[in-house]
Amino acid sequence: LLGTNPNQPRVTDEAILCTLMGTNAAIPGGELYNGFAANYQASFGALPAAFAAQSYDAAYLSALAYAAARGAGHVHPDGPALAEGLTRLSTGNQIDVGVQGLATALTVLSGGTQSTVDVVGVSGPLDFDATTGEAPSRLEMWRFDIDLTRIDNLGVVYDGRSTYSFQAVLVDPPGRACGSAQ
């Protein structure tokens, strides 16, 4: 939209850019994420992009759901069996994602139908809601800064549990052409 790549079209109506806002998964924090980000940067020469941490966690969760389904007696786990396996990843002894945590969790979950672990990912706690199947996460809001031709992070608008804050939305947009556009 900003036309920073010459091979892509650019939105030329700055009033449109002034009114566009969006959400993104909040940038995780903590020791697990910091280690992940450092390894990611060493491997790829850049900081992790949006949803990189969540994608990393999803790979581990898939393996753990499979192990939980097998531990519950499903010889060839299908979608419903994997979904049931995910419900066993939010209680029990805390396991941090990673190679060592994966080995421990696989052993525990293979132990039977009642075996559970509480998985903490690089994106944060992965506590699945048994009703919705969702693992809550924080959301941030962004908008364009047309003067600097970049996207500005406006901060967390949802805390991942129950609280929404729209203070970020009420801030006047940056840029000379935005004026009072909201």
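Worth saying up front: this structure is predicted, and the values here are computed from it rather than measured.

Criteria and thresholds
Residues numbered from 1 in each chain as written. Predicted model: local features only at pLDDT ≥ 70, side-chain atom pairs only at ≥ 80, totals over all residues. Heavy atoms only, no water. Helix = DSSP H or I, 4+ residues; strand = E, 2+ residues; numbered from the N terminus. Buried < 20%, exposed > 50% of the residue type's maximum accessible area, 1.4 Å probe, protein only. Pairing = 2+ DSSP bridges. Axes fitted to C-alpha atoms, helices over the stretch in contact; angles between N-to-C directions. Parallel < 35°, antiparallel > 145°, perpendicular 65-115°, else oblique. Contact = heavy atoms within 4.5 Å. Nonpolar A, V, L, I, M, F, W, Y, C, P; charged D, E, K, R; others polar. pLDDT = per-residue confidence, 0-100. Phe/Tyr/Trp six-rings, centres within 6.5 Å; stacked < 30°, edge-to-face > 60°. Right-handed = clockwise from strand over helix to strand, strands pointing away.

### Considering the environment of Gln 167
Here Gln 167 shows up in helix α6 (residues 167-170). Exposure remark for Gln 167: the relative accessible area of 55% places this residue in the exposed category. In the structure, Gln 167 is positioned 13 residues away from Leu 154 in sequence and 8.9 Å away in space, judged by C-alpha atoms.

### Focus on the sheet that holds strand β1 (residues 21-25)
Two orientations exist for strands paired in a sheet by backbone hydrogen bonds: parallel and antiparallel. Spatial strand order, β1-β5-β6: three strands in an open sheet with antiparallel pairing. Each edge of the open sheet is held by one strand with a lone partner, namely β1 and β6 (150-158). This sheet shows a mean twist of 35 degrees between the axes of neighbouring strands, independent of strand direction. Bridging between strand β5 (residues 139-145) and β6 involves seven bridges; their strand directions are antiparallel. Bridge pairing links Trp 142 to Asn 153 in β6.

### Brief notes about the packing of helix α3 (residues 52-71) against helix α4 (residues 79-86)
For the pair α3 and α4, the least separation of the axes is 7 Å and the interaxial angle reads 100 degrees. Judged by the inter-axis angle, α3 sits roughly perpendicular to α4. Contacts between α3 and α4 involve Leu 61, Ala 65, Tyr 66, Ala 68 and Ala 69 from the first element and Ala 81, Leu 82, Gly 85 and Leu 86 from the second. Within the contact of α3 with α4, the residues separate by chemical class into eight nonpolar, one polar and no charged.

### What to know about the sheet that holds strand β3 (residues 117-121)
Spatially, the three strands line up as an open sheet ordered β2-β3-β4, and their pairing is mixed. Bordering the open sheet on either side are β2 (93-96) and β4 (124-125), each of which pairs with just one other strand. Two strands pair when backbone bridges link them, and β3 and β4 are joined in this way by two bridges, in the antiparallel orientation. Within β4, the position partnered with Val 120 by the bridge is Pro 125.

### Structural notes on unusual backbone geometry
What you tend to see is this: most non-glycine residues have negative phi, and most peptide bonds are trans. Located in the positive-phi region is Phe 51, a residue other than glycine, with phi close to 70 degrees. Tracing the sequence through the fold places Phe 51 in the loop between α2 (30-44) and α3. With relative accessibility at 44%, the residue Phe 51 sits in the partly exposed group.

### Regarding the confidence of the model for the chain
Put simply, the chain has an average pLDDT of 82, and 88% of its residues get 70 or more. Mean pLDDT across the elements of the chain bottoms out in α6 (69) and peaks in α2 (93).

### Things to note about the packing of aromatic side chains
Counting across every chain of the model gives five aromatic pairs. With a centroid separation of 4.9 Å and 50 degrees between ring planes, the pair formed by Phe 36 and Tyr 56 is classed as tilted. Pair noted here: Phe 36 is in helix α2 and Tyr 56 is in helix α3, with a separation of 20 residues, a long-range link. Residue Phe 36 is classed as buried on the basis of its relative accessible area of 11%. Connected via pairs of aromatic rings, a cluster forms that spans Tyr 33, Phe 36, Tyr 40, Phe 44, Tyr 56 and Tyr 60.

### Observations concerning the pairing of β2
Pairing geometry for β2 and β3, over four bridges, is parallel. In the sheet register, Gln 94 faces β3, and the bridge partner there is Asp 118. You can see the chain leave β2, run along helix α5 (residues 99-109) and come back into β3, and the turn it takes is right-handed.

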